[in-house]
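An overview of the molecular structure
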Amino acid sequence: MEIGVLGTGSMADALATHWARAGHRVTIGGRDAQRAERLAARIGHGARAAGLREAAACGEAVLAALPFGAGAEVVRELSPELAGRVLIDCANPVGPGFRLLTQGGPSAAQRLAAAAPHARVVKAFNLCHEDVWRMRPPVFDGRRLAVPLCGDDGAALACVRGLVVDAGCEPVSGGGLERAALLEATAALFIALWVGEGADAQAIAPPLAYATGPGAGGTADGG
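About the criteria used
Within each chain, residues carry numbers counting from 1 in the order of the written sequence. With pLDDT at 70 or above as the cut-off, local features in this predicted model cover only qualifying residues; side-chain atom pairs require 80 or more to be listed or tallied, and sums for whole chains, interfaces and linings still use all residues. Excluding hydrogens and water, the side-chain values take into account all heavy atoms of the structure. Helical segments are the DSSP runs of H or I of at least four residues, strand segments are the runs of E of at least two, and each set is numbered from the N terminus. Taken over C-alpha atoms, the radius of gyration is set against a globule rule of 2.2 Å times the number of residues to the power 0.38. Exposure categories follow from relative accessible area, calculated using a 1.4 Å probe and restricted to protein chains: below 20% of the type maximum is buried, above 50% is exposed, and the middle band is partly exposed. Any two residues whose heavy atoms approach within 4.5 Å at even a single point are treated as in contact. Asp and Glu count as negative and Lys and Arg as positive, but His and the ends of the chain are not part of the count. By convention, the charge on Lys lies at NZ, on Arg at CZ, on Asp at CG and on Glu at CD. Pairing between strands requires that DSSP locate at least two bridges from one strand to the other. Nonpolar cores are built from buried Ala, Val, Leu, Ile, Met, Phe, Trp, Tyr and Cys residues. Side-chain atoms within 4.5 Å join them into one set. Lines are fitted to the C-alpha atoms to define the axes, a helix being fitted only along its stretch in contact, and any angle between axes, read from their N-to-C directions, falls within 0 to 180 degrees. Small angles under 35 degrees read as roughly parallel and large ones over 145 as roughly antiparallel, with 65 to 115 read as roughly perpendicular and the rest as oblique. Crossing chirality is assigned from the near helix's rotation relative to the far helix, an anticlockwise turn below a right angle marking it left-handed and a clockwise turn marking it right-handed. Polar here means any residue other than Ala, Val, Leu, Ile, Met, Phe, Trp, Tyr, Cys and Pro, which are nonpolar, and Asp, Glu, Lys and Arg, which are charged; Gly is therefore polar. What the arc measures is the spread of directions leading from the helix axis to the C-beta atoms.

Secondary structure summary: the protein contains 9 helices and 12 strands in total. Its C-alpha atoms give the protein a radius of gyration of 18 Å, within 12% of the compact-globule value 17 Å for 223 residues. Taking all 223 residues of the protein together, the buried fraction comes to 45%. Here the analysis covers contacts within the protein between residues at least 6 apart in sequence; of these, 69% occur between residues at least 24 apart. Distance from the positive charge centre (20 side chains) to the negative charge centre (22 side chains) of the protein: 4 Å.

Neither face of strand β4 (residues 61–64) is exposed, since Ala-61 and Leu-63 on one face and Val-62 and Ala-64 on the opposite face are all buried. Bridge count for strand β1 (residues 2–6) against β4 is 4 bridges, and the pairing is parallel. Directly across from Val-5, in β4, lies its bridge partner Leu-63.

Among the nonpolar cores identified, the biggest contains 39 residues, and Trp-19, Val-26, Ile-28, Ile-88, Phe-125, Trp-133 and Val-160 are the most heavily contacted of them. Setting aside anything within four residues of it in sequence, one finds Trp-133 in contact with Met-11, Ala-14, Leu-15, His-18, Phe-125, Asn-126, Cys-128, Leu-145, Val-147 and Cys-169. Grouped together as the second largest cluster of nonpolar side chains are 25 residues, Leu-6, Ala-180, Leu-183 and Ala-187 included.

One can describe the packing of helix α1 (residues 10–21) onto helix α2 (residues 33–43) by two numbers: an axis separation of 9 Å at closest approach and a directional angle of 45°. The angle between α1 and α2 falls in the class oblique. The crossing of α1 and α2 is right-handed. Touching Ala-12, Asp-13, Ala-16, Thr-17 and Ala-20 of α1 are Leu-39, Arg-42 and Ile-43, all from α2. Grouping the amino acids of the contact of α1 with α2 by side-chain chemistry returns 5 nonpolar, 1 polar and 2 charged.

A separate point is unusual backbone geometry. Note on backbone geometry: most residues besides glycine have negative phi, and most peptide bonds are trans. In this structure, Pro-137 follows Arg-136 across a cis peptide bond, with omega equal to -10°. By secondary structure assignment, the location of Pro-137 is in the loop between α7 (130–133) and β9 (139–140). In this structure, Phe-98 is a non-glycine residue whose phi angle is positive, near 60°. Unusually for a residue other than glycine, Asp-141 sits at a positive phi of about 50°. Structurally, Asp-141 is set in the loop between β9 and β10 (143–144). By relative accessible area, which is 85% here, Asp-141 ends up exposed.

What follows concerns the environment of Leu-87. Tracing the chain through its elements places Leu-87 in strand β5 (residues 86–89). In the structure, Leu-87 is positioned 35 residues away from Val-122 in sequence and 6.2 Å away in space, judged by C-alpha atoms. Once residues within four sequence positions are removed from consideration, Leu-87 is found in contact with Val-62, Ala-64, Val-75, Leu-82, Leu-112, Ala-119, Arg-120, Val-121 and Val-122.

Here we take up helix α4 (residues 68–77). For α4, the complete set of buried residues consists of Gly-71, Ala-72, Val-74 and Val-75. Buried residues along α4 cover an arc of 170° about the axis, so they all sit on one side. Opposite its buried face, α4 presents the exposed residues Gly-69 and Arg-76, each directed more than 90 degrees away. Close packing links the buried residues of α4 with α3 (52–58), α5 (79–82), β5 and α6 (108–115).

Let us look at the sheet that holds strand β8 (residues 120–123). The sheet built from 8 strands is open, its strands ordered β3-β2-β1-β4-β5-β8-β11-β12 with mixed pairing. This sheet does not close on itself; its edge strands, each paired only once, are β3 (48–50) and β12 (170–173). In this sheet, neighbouring strand axes are inclined to one another by 30° on average, regardless of whether the strands run parallel or antiparallel. Strands β1, β4, β5, β8, β11 (146–151) and β12 of the sheet are contacted by helix α8 (residues 154–166), whose axis makes an angle of about 160° with β11.

Inspection of α6 places Ala-108, Ala-109, Leu-112 and Ala-115 among the buried residues, and these make up the whole buried set. Taken around the axis of α6, the buried residues stretch over an arc of 120°, which confines them to a single face. The secondary structure elements touched by the buried residues of α6 are β4, α4, α5, β5, β8 and α9 (180–197).

In C-alpha cells:
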C-alpha cells in the first residue's frame with residue numbers, strides 16, 4: 001500500500017517505521033525538506049521524502065501526524081489531494097494541566113473531517129506515548145497492545161485495522177467518528193494519571209470477565 005505521512009515528528013517516525021518494515025511504500029511529507037529527508041533515511045525500507053502536498057496525493061492512506069493546533073489548517077490546505085483517501089488522525093488535543101483543548105467543541109478528528117470533507121477520517125494511535133509505538137511489537141505480559149479505532153467508513157476502518165496489525169497491535173472497534181471525542185478524553189485522563197499522578201491507568205478497569213461484575217468469574221468482597 002502507498003502511505004503518505006504528514007509531519008516529521010516522533011509519531012510519524014514510530015508508525016511509519018512499522019509500516020515501511022511491513023512492506024508498505026511510505027512517503028514522508030514535511031514543510032522542512034531536510035527534516036523529511038532525514039526521517040525517510042532513518043526509516044529506510046524504501047521510504048522517501050516529499051512535500052506535504054505530494055505526500056497527501058500519493059497515499060491510499062495518509063497519516064496526519066500533526067500537532068492539534070496545526071492539523072486542521074494543514075489538512076484544509078490539502079483537502080483536494082486528500083479527497084477519497086483514508087486520513088488517520090493520531091493527535092491528542094491536551095494542553096497545560098492535562099486539559100482537553102476541545103472541551104465543548106468538535107473533537108480533533110471531527111475538525112480534520114470538516115477541513116477535508118471528502119477524506120475518510122479514522123481516529124487511531126492516540127492513547128500511547130510515541131516510544132510505545134516504537135516497540136517491536138508493543139506486547140505487555142504476553143498480550144498485544146489494543147488500539148481502538150473510530151470512524152464512519154467501513155472500508156477505511158478495514159484499512160486502518162490492517163495498519164494496526166502491521167504495527168504488531170490488536171485493532172478494537174471504538175464506534176463512529178463521533179466517539180473520537182471519547183478517545184481523546186481518555187488520552188487526557190490517562191496522561192494525567194500516568195504523568196501527573198504516577199498512577200497505573202491500566203489498573204482502573206477490571207478484566208473483561210469482570211466488566212459487568214463478578215458473576216461466575218469470582219466473588220465480590222465489598223458490601
